[in-house]
Amino acid sequence: METLGDILKNSREEKNLILRKVAAEVDVDQSLISKFEKNERRPTMEQLKRLAKFYNLSETQLVINWYSEKIAEELKNTVSTSEILRIAEEKLNYYKAQVDEK
């Protein structure tokens, strides 16, 4: 399974770019981009959007990947993960329904 870091690193390498060039173009410190690629840090949403635009990647897909990794990291040592996710989905549907009613 490809991680967000893998996607970012592969995109950079496919374009034959060095970290310094990407950092300058997206206005993110070079060391941070390296940490993103190694899955040591997660970019902010703003940084993620800039990287998606720069690499010409689907912003939606990167955001989905970002959130799924955040959730997986949070729940990786938790019992009843499937139950937690099922109930969370029910709550999301409830919240969406509340917004739609307004």
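Presented here is an overview of the structure given in this document. (Residues numbered from 1 in each chain as written. Predicted model: local features only at pLDDT ≥ 70, side-chain atom pairs only at ≥ 80, totals over all residues. Heavy atoms only, no water.)

Quick word on the pattern of salt bridges
Part 1: Applying the stated criterion across every chain, the model contains 6 salt bridges.
Part 2: Notably, a salt bridge pairs glutamate 25 with lysine 21, separated by 3.0 Å at the nearest N-O pair. Here the residue glutamate 25 and the residue lysine 21 both occupy positions in helix H2 (residues 19-26), the gap between them amounting to 4 residues, near one helical turn.
Part 3: Under the relative-accessibility criterion, glutamate 25 is labelled partly exposed at 44%.
Part 4: Residue class for lysine 21 comes out partly exposed when judged on its relative accessible area of 40%.
Part 5: A salt bridge links glutamate 46 to arginine 50, with the nearest nitrogen and oxygen atoms 3.7 Å apart. With a gap of 4 residues between them, glutamate 46 and arginine 50 both fall in helix H4 (residues 45-55), about one helical turn apart. (Salt bridge = Lys/Arg side-chain N within 4 Å of Asp/Glu carboxyl O. Helix = DSSP H or I, 4+ residues; strand = E, 2+ residues; numbered from the N terminus. Buried < 20%, exposed > 50% of the residue type's maximum accessible area, 1.4 Å probe, protein only.)

Here we look at helix H1 (residues 4-14)
Part 1: Taken residue by residue, H1 has Leu4, Gly5, Ile7, Leu8, Ser11 and Arg12 as its buried positions. Buried residues of H1, viewed axially, fall in a sector of 165 degrees; they line one side.
Part 2: Contact partners of the buried residues in H1: H2, helix H3 (30-37), H4 and helix H5 (59-75).
Part 3: A positive backbone phi angle near 55 degrees is found at asparagine 16, which sits one or two residues after H1. (Arc of directions from axis to C-beta. Contact = heavy atoms within 4.5 Å.)

Observations regarding the packing of aromatic side chains
Part 1: Tallying each qualifying case throughout the model produces 3 aromatic pairs.
Part 2: Between tryptophan 66 and tyrosine 67 the ring centres are 4.8 Å apart and the planes differ by 85 degrees, which places this aromatic pair in the edge-to-face class.
Part 3: Since its relative accessible area comes to 11%, tryptophan 66 is described here as buried.
Part 4: It is arginine 42 that lies over the ring of tryptophan 66; its NZ or CZ is 5.7 Å from the centre. (Phe/Tyr/Trp six-rings, centres within 6.5 Å; stacked < 30°, edge-to-face > 60°. Lys NZ or Arg CZ within 6 Å of the ring centre and 35° of its normal.)

Note that all results are geometric; they support no functional claim without further evidence.
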